Amino acid sequence: MEDYSLEVEPKLQSLEESAEALQEAASLVSRYSWGEDYPLPPLEEIERADHRVGVFVDGKLIAFASIGHGFSPDGIDDDALWLAHVVVAPPYRERGIFQKLYDKLMTYAQAKDERILSCTDNSIMEDFFLTHGWKKIRETLAQAGDPCDVFEYQR
């Protein structure tokens, strides 16, 4: 059985130029978030992100998130910043890793002084948004045709 204890402090870092890390991020997104049969390849979106951050443990990417323009699932508000591609590998969840990703991306986004949006069909994420200054602004369909809720950060 693999040991997922965190004897080493997870390392948060920007993933702006590492093609290998971006491929690993796309794999995490496919495996643990979007699903392997999602109609869009995550790597193409991840490469277009304005800012990307990952969390590494012993050199292995265990979590990833990005923010960028043009990530609206329905094409509405594509000019806003979208918090996207948020994923933490299951063995590392509930350890504060998501909060580190979120804080880093929100610091970046708030410095841009633009609207910040996100879309999710995950009830845990919805609860997080609603308790961290976000407001649900509409329901829409994701690219795969599944319903999702769009949230806007309230400055």
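Residues numbered from 1 in each chain as written. Predicted model: local features only at pLDDT ≥ 70, side-chain atom pairs only at ≥ 80, totals over all residues. Heavy atoms only, no water.

Student: Help me understand the overall build of the protein chain in this model?
Tutor: If you tally the helices and strands in the protein chain, you get four helices and seven strands. Beginning at the N terminus, the succession of helices and strands in the protein chain can be written as β-α-α-β-β-β-α-β-α-β-β. Along the longest, intermediate and shortest principal axes, the C-alpha atoms of the protein chain span 45 × 35 × 30 Å. Burial analysis of the protein chain (155 residues in total) assigns 44% to the buried set. The long-range share in the protein chain, meaning contacts at least 24 apart out of those at least 6 apart in sequence, stands at 57%. When the accessible surface of the protein chain is split by element, carbon and sulfur atoms take 48% of a total near 8300 Å². Within the protein chain, the 30 negative side-chain charges are centred at a point lying 4 Å from the centre of the 15 positive side-chain charges. (Helix = DSSP H or I, 4+ residues; strand = E, 2+ residues; numbered from the N terminus. Buried < 20%, exposed > 50% of the residue type's maximum accessible area, 1.4 Å probe, protein only. Contact = heavy atoms within 4.5 Å. Areas by Shrake-Rupley, 256 points an atom, 1.4 Å probe, with all protein chains shown as cover. Lys, Arg positive; Asp, Glu negative; His and termini not counted. Charge placed at Lys NZ, Arg CZ, Asp CG, Glu CD.)

Student: Got a minute to help me understand the packing of aromatic side chains in this structure?
Tutor: Aromatic ring pairs are described here by two measures, namely the spacing of the ring centres and the angle between the planes. In this structure the tally under the stated criterion is seven aromatic pairs. Each ring, one from Trp134 and one from Tyr153, has its centre 5.6 Å from the other, and the planes form 65°; the classification is edge-to-face. With Trp134 in strand S6 (residues 134–141) and Tyr153 in strand S7 (residues 147–153), this residue pair connects regions lying 19 residues apart in the sequence. By relative accessible area, Trp134 is classed as buried at 4%. The class of Tyr153 is buried, set by a relative accessible area of 18%. In this structure an aromatic cluster arises from ring pairing among Phe98, Tyr102, Phe128, Phe129, Trp134, Phe151 and Tyr153. (Phe/Tyr/Trp six-rings, centres within 6.5 Å; stacked < 30°, edge-to-face > 60°.)

Student: Just to check I follow, could you spell out the pairing of strand S4 (residues 81–88) for this structure?
Tutor: Here is the key point about a regular strand: its side chains alternate between the two faces of the sheet. The element S4 is extensively covered by neighbouring structure, given that seven of its eight residues are classed as buried. Both strand S3 (residues 60–68) and S4 contribute to a ladder of five bridges, which runs antiparallel. Its bridge partner lying in S4, Ser66 is registered against Ala84. Bridge count between S4 and strand S5 (residues 116–120): two bridges; the pairing is parallel. Residue pairing across strands places Leu81 opposite Ile116, the latter belonging to S5. (Pairing = 2+ DSSP bridges.)

Student: I'm lost on the state of the cysteines in this one. Help?
Tutor: Defined simply, a disulfide is a covalent bond joining two cysteines at their sulfur atoms. All chains considered together, the criterion is met by one disulfide. With a sulfur-sulfur separation of 2.3 Å, Cys119 is cross-linked through a disulfide to Cys148. For the disulfide bridge between Cys119 and Cys148, the dihedral angle about the S-S bond is near 100°, and by the sign convention the bridge is right-handed. Taken as a pair, Cys119 in strand S5 and Cys148 in strand S7 lie far apart in primary sequence, 29 residues in all. Residue classification places Cys148 among the buried positions, given a relative accessible area of 6%. (Disulfide = S-S within 2.5 Å.)

Student: Before we go on, may I ask you to explain the pattern of salt bridges in this structure?
Tutor: Pairs may arise between side chains of opposite charge once their charged atoms sit close together. Per the counting criterion, the structure on display carries six salt bridges. In this structure, Asp149 and Lys136 form a salt bridge, with 3.3 Å as the shortest nitrogen-oxygen distance. Highlighted residues: Asp149 in strand S7 and Lys136 in strand S6, separated in sequence by 13 residues. Taking relative accessible area as the criterion, Asp149 reaches 13% and is therefore assigned buried. Looking at Lys136, the relative accessible area reads 35%, which means it is partly exposed. A cluster of three or more residues bridged by salt bridges with shared partners is formed by Asp74, Asp77, Arg115, Arg138 and Glu152. (Salt bridge = Lys/Arg side-chain N within 4 Å of Asp/Glu carboxyl O.)

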